[in-house]
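# What the coordinates show
One-letter residues, chain by chain:
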Amino acid sequence: MERFLHSRKWIKNYKERREMRTSTTARAATKRHRNFRGEAFLVLPSAGRMWSACNVKVRDCWAVTSVTLRRCLKLGAAMAKSKFEYVRNFEADDTCLAHCWVVVRLDGRNFHRFAEKHNFAKPNDSRALHLMTKCAQTVMTELEDIVIAYGQSDEYSFVFKRKSNWFKRRASKFMTHVASQFASSYVFYWRDYFEDQPLLYPPGFDGRVIVYPNNQTLKDYLSWRQADCHVNNLYNTVFWALVQQSGLTPVQAQERLQGTLAADKNEILFSEFNINYNNEPLMYRKGTVLIWQKVGEVTTKEVKLPAEIEGKKMAVTRTRIKPVPLYCDIIGDAFWKEHPEILDEDS
């Protein structure tokens, strides 16, 4: 019995000595450091071991993630290159020549029928012409690099600057973007100009892309379109005067004008209908030219001072660059001297 009690006492003393030794070792292992501000802080060995283990786990996680990502990228690349990809070789290269003016011209598809179905005024309908101009302004605003546009009747030409790299100068991109934007704008703004005439069916526009190598050929192209506007409008003015005022049928009016020159048509207008062609609106005779100009827009803004309860409405003028319509001659040199920035390559 005495030996047993002695053994229990010895075991108890042994546990106390071991606990004391453990706490002393922990205190001795606790290191005191100072940071760059001189403030003291403690670093426990257990904490260091914990952060070391966490770092190992993070590195392992990153390694697994990177391997998985590489496998996914390889799989995606393999999926993108299918056996059917060879069909791309049949696509035609339609890149426009570099350092040339790119012109996109749109024409209304079967607009004679469209004008009859929608009761356009003859020989000119100002509503239709203003609608065309609105669509052209939308195209210039939405698309890039158009420096000038010219329109007459049911057509519009858009000139892209020589250094344009829009869609890598692909002709199909130029044509389809201009045509789709113009046609959708025509439908979208129809009610703004034809309030009492519903749109019976959607209009269509065909397009073509022409490339001109220098400034002179571009000016000649625009001059050609304006000359065409003058010839067509003079003929239509006389033709419809004969039909509407003289009572001739369209066939009879066509036979009357067959073989006549511009001077003959002017004489018919003046002698028979007392119409001086030179007094006709410039929009009809010259067409519409769209160029970028600074425009002051007046908007109403409410201004409220700290001491006031209710704000005051004030007119604020802001200057913006917008496509502005001009009705002028572009065949002569006066227009180009007045607006040299149009042909400036760095404009």
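Counting of residues starts from 1 at the beginning of each chain's written sequence and follows it residue by residue. For this predicted model, a pLDDT threshold of at least 70 governs which residues receive local features, and a threshold of 80 or more governs which side-chain atom pairs are given and counted, while totals over whole chains, interfaces and linings are taken from all residues. Excluding hydrogens and water, the side-chain figures rest on all heavy atoms present in the structure.

## Here's the deal with the nonpolar core
The line we're drawing: Residues enter a nonpolar core if they are buried and are Ala, Val, Leu, Ile, Met, Phe, Trp, Tyr or Cys, with the set joined through side-chain atoms within 4.5 Å. Three exposure classes are used, based on accessible area relative to the maximum for each residue type with a 1.4 Å probe and protein chains only: buried under 20%, partly exposed in between, and exposed over 50%. Numbered from the N terminus, helices here are DSSP runs of H or I no shorter than four residues, and strands are runs of E no shorter than two. Whether two residues are in contact is decided by their heavy atoms: any pair within 4.5 Å suffices.
Ranked by size, the top nonpolar core spans 33 residues in total, and within it Phe120, Tyr156, Phe158, Phe160, Val178, Phe182 and Tyr186 carry the most contacts. Mapped onto this core, the elements with two or more residues apiece are strand S3 (101–108), helix H3 (111–117), helix H4 (126–142), strand S4 (146–152), strand S5 (155–160) and helix H5 (171–188). Of all the elements, H4 adds the most residues to this core, at seven residues. With residues up to four places along the chain from it excluded, the contact list for tyrosine 186 reads Phe111, Phe114, Phe120, Leu131, Met132, Cys135, Pro203 and Phe205. Within the second largest apolar cluster, 20 residues are counted, among which are Val103, Val147, Tyr150 and Leu326.

## Some thoughts on helix H7 (residues 215–244)
Heads up, the condition is: Expected span, for any helix, means 1.5 Å times one less than how many residues it has. Two N or O atoms count as a polar contact when they lie within 3.5 Å, although within protein this holds only if one can serve as hydrogen donor and the other as acceptor, and sequence-adjacent residues are included solely when both atoms are side-chain atoms.
Given a rise of 1.5 Å per residue, 30 residues ought to cover 44 Å, and the 43 Å separating the end C-alpha atoms of H7 matches this to within 8%. Capping of H7 at its N-terminal end is provided by asparagine 214; its side-chain oxygen lies 3.3 Å from the backbone amide nitrogen of glutamine 216.

## Describing the environment of valine 316
Relative to the assigned elements, valine 316 resides in strand S8 (residues 312–326). With relative accessibility at 25%, the residue valine 316 sits in the partly exposed group. A C-alpha to C-alpha distance of 9.7 Å links valine 316 and glutamate 302, two positions 14 residues apart in sequence. Setting aside its immediate chain neighbours within four residues, valine 316 contacts Glu297, Val298, Thr299 and Lys301.

## A word on the side chain of serine 157
Residue position: serine 157 is located in strand S5. Here serine 157 falls in the buried class, since its relative accessible area comes to 0%. What serine 157 contacts, discounting residues up to four positions off in sequence, is Val103, Val104, Arg105, Ile148, Ala149, Tyr150, Tyr221 and Arg225.

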